[in-house]
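Spelled out from the first residue to the last, the chains are:
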Amino acid sequence: MKTMRPTRARIAAVGLAATGALVLAGCGAANEGSSAGGSSTAAGPAVTGTISGAGASTQQAATQAWVAGFQATSPDAVINYDPSGSGAGRTQFEASGVDFAGSDAYIKGDEIKKAQDRCGGEYVEIPVYVSPIAVVYNLQGVTDLQLSPSTLAKVFAKKITTWNDPAIAADNPGKTLPSTAITTVNRSDKSGTTQNFADYLKGAAAADWTFDVSDTWPVQGGEAAQGTSGLVGAVKAGQGTIGYADESQAQGLGQAKIKVGDTFVAPSPAGAAKLLEASQRVTDGGAKSFAYKLKRDSTDASTYPASLVSYAIACSKYSDAKKSALVKAYLSYVISADGQAAAQKAAGSAPLSDAVRQLITPAVSSIA
Amino acid sequence: MSAPTTTPTAKPAGSARPKPVQQLGDRIFAGSATGAGIFILIVLAGVAAFLIAQSIPAFTASSADLPGGRNIVAYIGPLIFGTLLSAVIALVIATPLGVAVALFITHYAPRRLAQGLGYVIDLLAAVPSIVYGLWGVSVLAPASLGFMTWLNKYLGWIPLFAGPVSATGRTMLVVSVTLAVMILPIITAVSREVFLQTPKLHEEAALALGATRWEMIRMAVLPFGRSGIISGSMLGLGRALGETMAVAIILSGSGIVTFNLISSANPSSIAANIALQFPDSTGVAVNVLIASGLVLFVITLLVNSIARWIINRRSEFSGAN
């Protein structure tokens, strides 16, 4: 049991190292000339060294794409990422165990001081991974399901138990709804998706969602499934099921439109990116912390409020100049249009909008 | 398990040896065997020490710091319940089946069929548990929906089948059946070996006295093999208690206590819960998971001790010693 984490970390490290070696073997010779002459891609000039990060598993697929993309220009750079969970990532970062962290929640409370102490100054906190969470359902004969936040909260709190409930009918005028029982499907493992979805329900329908927001699903007795794939599988397998999953993983299932203001909005990467733009920045963490209190109760129909935002956390300065150059180059690539496109391709995330990128770029560039 | 002492030639051959010659090889072998035995104890003690040391913070932390803000007993309790419930149901299903299969192989089937069947049963034990999990969730669960609806309709007055029936079939019943399939080969293999060792003279005596084949089995084979059946079942129970991935994949579990076997709300099991929660846990949450692991460790230790005790108590009568 105890060996699980180190083993996995080691496997990840070995895997990444192997990838690095492959990239090196594959492109090293070919890239020699061009990188020496200074390539003009988003990653900037080639850097070398090793940095390691830990944190949110939501970022894992995107991180793999980022590392692969980054190593195309800096084949001698090694970046390790251990998807040990947001909390573990922040703790390790604050304890100087890793050089950067990935987290589904921004640093707050007394962790701010810890992070500042670790960095000996300001820390850099930027959104790098934005993804819409789709409300997925499987109900024969019903397409284009529409749900208001309050109805959604009541459904997931198991206060509404059948599909032909008046509240659902009111959201779907003119549709015939069966009397099938509703089976809510939630994650059985800890998940940033759960945390963000619960946060959405709390923010958009506080009166009907009285549970605490955490990465563990708070309502007992629902159908619980492991991982996004397990959840999607369970929703597909049952009749009258409803659950929540990353939009990119929810293909082939009915996706409910949720009510934003007066309109019903379908999940979309653009809506998720727009939500980040519309959200209020939280500056508790200093000038280089771009934490956002997501506008879950947004009324702008171009935003999709049930979205997930995951952050990268790094120091604004490192004692080792080589390390700071590598962190800076890596994060610059991550937020660049290239990096965001790579993540979209690999993980189905929503690319950061130009406005947000312009806002956060100075913080990344200031890493020294 | 049982070196047959009934063969009259075995003993004289041993005692007739003039004197024990202690060669270097003997001493090396004795030493390494002793070392291996001690090593097992050290490993066991090490595991116990690790579990206890790591779970102390969980027991001393205040409830507010624990996952879900609940008391540690309230957190682990349903998990213990779920672990025992799934394992016991699996045992109830698998033991009669395993014994029946073993009897068929040893006493009913034609020799060639028996051999083939034996191989197939042993092969079941070699299938990785994750494969059973995938099979359970994608084949058995959907296939059992109709049966569970039937149970609920006609036997719904029994609390076990009170429903509402799960929409996906990922229930305690399906988990238990999957576990039963997983432990079936263990019970069968052990029982088969013991049944094969039933003294031929006992069997022939029973038949000579006019017993039918079934009466012979009841009088000679089953009493002789009882300790084997029990130890096979306990080995199976041990696997069922500790089964992780199959339960984690199949079961729709949450922290509740219910005897209802066919709804979406089921108590999770300790091992499955650790597998699901560990990856993203930090701080005290990890200690709580290790504390639940300690509880599982104690449960399996108890189960095995009880099994030993039963076997020892019975051994004098069975002739299996």
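Residues numbered from 1 in each chain as written. Chains lettered and ligands numbered in written order. Predicted model: local features only at pLDDT ≥ 70, side-chain atom pairs only at ≥ 80, totals over all residues.

An unreviewed UniProt entry annotates chain B as Phosphate transport system permease protein of Pseudonocardia ailaonensis. Of chain B, the UniProt comment under Sequence similarities (unreviewed entry) reads exactly: "Belongs to the binding-protein-dependent transport system permease family. CysTW subfamily." The UniProt entry for chain B carries the following text under Function (unreviewed entry): "Part of the binding-protein-dependent transport system for phosphate; probably responsible for the translocation of the substrate across the membrane." (UniProt positions renumbered as here; feature names shortened; annotations may be inferred.)

For chain A, the name recorded in an unreviewed UniProt entry is Phosphate-binding protein, with Pseudonocardia ailaonensis as its organism. A UniProt comment under Sequence similarities (unreviewed entry) is attached to chain A, and it reads "Belongs to the PstS family."

Accessible area lost upon the coming together of the parts serves often as the stated size of an interface. Taken residue by residue, the interface counts 29 residues in chain A and 29 residues in chain B. At the level of secondary structure, the elements contributing two or more residues to the side of chain A that touches chain B comprise helix H3 (86-94), strand E7 (223-225) and helix H8 (227-237) of chain A. Across the side of chain A that touches chain B, the residue classes tally to 8 nonpolar, 16 polar and 5 charged. (Contact = placed C-beta atoms within 7 Å. Helix = DSSP H or I, 4+ residues; strand = E, 2+ residues; numbered from the N terminus. Nonpolar A, V, L, I, M, F, W, Y, C, P; charged D, E, K, R; others polar.)

Turning our eyes to something else, we now look at unusual backbone geometry. Residue and element names in this part refer to chain A. Here aspartate 144, not a glycine, exhibits a phi torsion of approximately 50°, which is positive. By the element assignment, aspartate 144 lies in the loop between strand E4 (123-138) and strand E5 (146-147). Judged by local crowding, aspartate 144 falls into the exposed class, with 12 C-beta atoms found within 10 Å. Here lysine 158, not a glycine, exhibits a phi torsion of approximately 65°, which is positive. Tracing the sequence through the fold places lysine 158 in the loop between helix H5 (149-156) and helix H6 (166-171). (Buried ≥ 20, exposed ≤ 12 C-beta atoms within 10 Å, placed from the backbone.)

Ranked by size, the top nonpolar core spans 176 residues in total, and within it Ile126, Val135, Leu201, Ala314 and Tyr330 of chain A together with Ile183 of chain B carry the most contacts. If one sorts the elements of this core by residue count, helix H7 (residues 172-196) of chain B sits on top with 17 residues. Built from parts of two domains, this core gets at least three residues from each of domain 1 (8-132 + 274-365) and domain 2 (143-268) of chain A. The contact partners of valine 135 of chain A, leaving out residues within four places of it in the chain, are Leu147, Leu152, Ile242, Tyr244, Gln255, Ala256 and Ile258 of chain A. (Core = buried A, V, L, I, M, F, W, Y, C linked by C-beta atoms within 7 Å. Domains from an automatic or database assignment.)

All right, on to the domain arrangement of chain A then. All names here are of chain A. Each domain of chain A was delimited in the assignment, giving domain 1 (8-132 + 274-365) and domain 2 (143-268). Of the residues lining the interface, 22 residues belong to domain 1; the matching set on domain 2 comes to 20 residues. Secondary structure elements with two or more residues in the side of domain 1 that touches domain 2: E4 and strand E13 (307-315). Class assignment for the residues of the side of domain 1 that touches domain 2 results in 9 nonpolar, 9 polar and 4 charged.

Before going further, it helps to spend a moment on the UniProt feature "domain: ABC transmembrane type-1" (unreviewed entry) in chain B. Following the UniProt record, one finds the feature "domain: ABC transmembrane type-1" (unreviewed entry) at residues 80-307 of chain B. Spanning residues 80-307 of chain B, this segment combines 76% helix with 2% strand, and its end C-alpha atoms are found 19 Å apart.

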